[in-house]
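This is what each chain is made of:
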Amino acid sequence: MRPMPANPSRKQRAVFVCADCGHEHPKWAGRCAGCGAWNTLREFTPPAAGSGHPARPLSAPGTGPVPLAHVPAEGGERFSLGMPEVDRLLGGGVVSGGVLLMAGEPGVGKSTLLLQVAARVAAAGRRVLYVSGEESGAQVRLRARRLGVEDSGLLFLAETDAEAVLAALEDARPSLAIVDSIQTLVSAGVPSTAGSVAQVRECAQLLLAWAKRSNCALFLTGHVTKDGQIGGPRVLEHMVDVVLSLDGAALGGYRLARCVKNRYGSTNDVALLEMGPDGLSEVADPSAALIGERQAGVPGSAVVVSLEGSRPLLCEVQALTTYSTFTPPRRSANGLDFNRMALLAAVLTRRAGVALSNQDIMVNVPGGLHVSEPAADLGTALAIASSFRDVALDARTVCIGEVGLNGEVRRVPQLSRRLAEAARHGFKRALVPAADLEGLSGGGLEALGVSSLREAIGFALPGGAGAEGPPYASEAGNGRSRR
Ligand code: TYD
Ligand code: MG
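All of these numbers come straight from a predicted model, not from anything done at the bench.

Draft legend 1. Molecular detail of the site of ligand 1. Lining the immediate environment of ligand 1, one finds 16 residues, of which Gly107, Lys110, Ser111, Thr112 and Gly276 sit closest. In the model, an oxygen atom of ligand 1 is placed 3.0 Å from a nitrogen or oxygen of the Pro277 main chain.

Next up, the structure:
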């Protein structure tokens, strides 16, 4: 059999690459088909294999196909980052040769966290190179001083040229390398600007192949905008082994680190970090921290149990309703989805007799976290109703359930684990979907099944100011409970 000839059509045919989004076009056009920008297409001849760019094998040169069982399994050595919560998130530390992308909005604390981690690994005796394309050496040194890690033995390089970074890595042979951020790197082989998808992809590919060959753990940071677009991290997600996302309002104290993708472990975990004057610190008991400042006996506050990954987190939802002088009345949601809040307000008005159509409604999740789970619906709706009625919910009750458009309280996944978390923090009672009550173990908590929002209000806010009386009173006895 003759060997396959190299595909001639793939050889050095010029394409036109959008300088903004990296979309490739076979022919020149005035407007990019990918992002719609005008006059951004540049002619680009991809380097042919064997010329220009060095080849980027992922394994040692000269290795052909071998039985999988004969492939050396070492190279997957794990080592600690010096932050137990982050280690746990990654499945027990970082893996040599693994590539991790830390994605997050600008200002969320990516550089801070990675500098802390880099310094701890360096202090533990490993070679660590921190490459910054965003900040000067002086800036990073000042930050390191602030974090108290100036003397960790960390190597530093300020560079934006991808080939120069590669050369420095080759030279330093670190066991952990950090590149902050991938969007600032430029490779000479790509005609577009730094941060474009084509550049980001090319630079990441160069570094990734190097990390695999050299068995070095590589951390990249990547910015995402509010809608998770632009800047290329989405392109990167496919290429890297682990994606950690760091969320949280830039001004709030708490940050939620979430493992979005993990080729070395599970993705069902989160870690709560707190930004302080000396960097990010780990919060060992997130639920206790999140509900710690709650004031008992104040109307408009409910505690929900939200599942982040596989971890149940107790969270306070606050609501405030006031008579509105605006038409239509104002609504605002902080830490919760706005549309979800509007839906709950409509359901409260139409299905539960809580007349909110002339009320401004503000909903807030203190601490800067975003609760996106439908299981927080019941608590959110009860917080709104509690503020409207000016009656406080019981301080030792948690509310768990999704609310449907008909005012029904729907089932939620993993109820027992949520109840166990609430019980661990001293809660005594839980309003839960009635349909979930069958065979439920409350874990020491009294679980009260409710099938509708109206019924839940009857339990949680009996006879408050503005209560409609009869429906609640008569329905209050219908609930079933289970301990
Ligand atoms: P940074 O790590 O630069 O964010 P990113 O790299 O994700 O863009 O963090 C920036 C924010 O963190 C900045 O607003 C200041 C705050 N910060 C602290 O509150 N305490 C600290 O010790 C440090 C270093 C930063
Ligand atoms: Mg930064």
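Draft legend 2. Layout of the sheet that holds strand β2 (residues 24–25). Taking strand neighbours across the sheet as the criterion, the three strands line up as β2-β1-β3 in an open arrangement whose pairing is antiparallel. Each of the sheet's edge strands pairs with one partner strand only, and the pair in question is β2 and β3 (41–44).

Draft legend 3. How the structure looks around the pattern of salt bridges. Under the definition given, this model contains 19 salt bridges. The closest approach of N and O atoms between Glu308 and Arg258, which form a salt bridge, is 2.6 Å. Here Arg258 lies in strand β12 (residues 254–262) and Glu308 lies in strand β15 (residues 301–308), a separation of 50 residues in the sequence. For Arg258, a relative accessible area of 26% gives the class partly exposed. Linking Arg418 and Glu373 is a salt bridge whose minimum nitrogen-to-oxygen distance equals 2.8 Å. With Arg418 in helix α10 (residues 415–424) and Glu373 in the loop between β18 (359–364) and α9 (377–389), this pair connects stretches of sequence that are 45 residues apart. Of the two residues examined, Arg418 and Glu373, each falls in the buried class. Shared partners join several salt bridges into a network, and the residues in it are Glu85, Arg88, Asp269 and Arg311.

Draft legend 4. Inspection of the packing of aromatic side chains at higher detail. Scanning the model with the defined rule gives one aromatic pair in all. Between Arg126 and the ring centre of Phe79, over which it is positioned, the NZ or CZ distance is 4.1 Å.

Draft legend 5. Region of the structure containing the environment of Glu402. Locating Glu402 in the fold gives a position in strand β20 (residues 402–403). Residues Glu402 and Leu378 lie 24 residues apart in sequence; the distance between their C-alpha atoms is 6.0 Å. Dropping the residues within four chain positions of it, Glu402 is found in contact with Arg340, Pro374, Ala375, Asp377, Glu408, Val409, Arg410, Arg411 and Val412.

Draft legend 6. Region of the structure containing the side chain of Gln116. As for its placement among the helices and strands, Gln116 is situated in helix α2 (residues 110–123). On the basis of relative accessibility, which here comes to 4%, the residue Gln116 falls in the buried class. Setting aside its immediate chain neighbours within four residues, Gln116 contacts Leu147, Asp278, Gly279 and Leu280.

Definitions and cut-offs
- Residues numbered from 1 in each chain as written.
- Chains lettered and ligands numbered in written order.
- Predicted model: local features only at pLDDT ≥ 70, side-chain atom pairs only at ≥ 80, totals over all residues.
- Heavy atoms only, no water.
- Near = heavy atom within 4 Å.
- Polar contact = N/O pair within 3.5 Å; in protein donor to acceptor, adjacent residues only side chain to side chain.
- Pairing = 2+ DSSP bridges.
- Helix = DSSP H or I, 4+ residues; strand = E, 2+ residues; numbered from the N terminus.
- Salt bridge = Lys/Arg side-chain N within 4 Å of Asp/Glu carboxyl O.
- Buried < 20%, exposed > 50% of the residue type's maximum accessible area, 1.4 Å probe, protein only.
- Phe/Tyr/Trp six-rings, centres within 6.5 Å; stacked < 30°, edge-to-face > 60°.
- Lys NZ or Arg CZ within 6 Å of the ring centre and 35° of its normal.
- Contact = heavy atoms within 4.5 Å.

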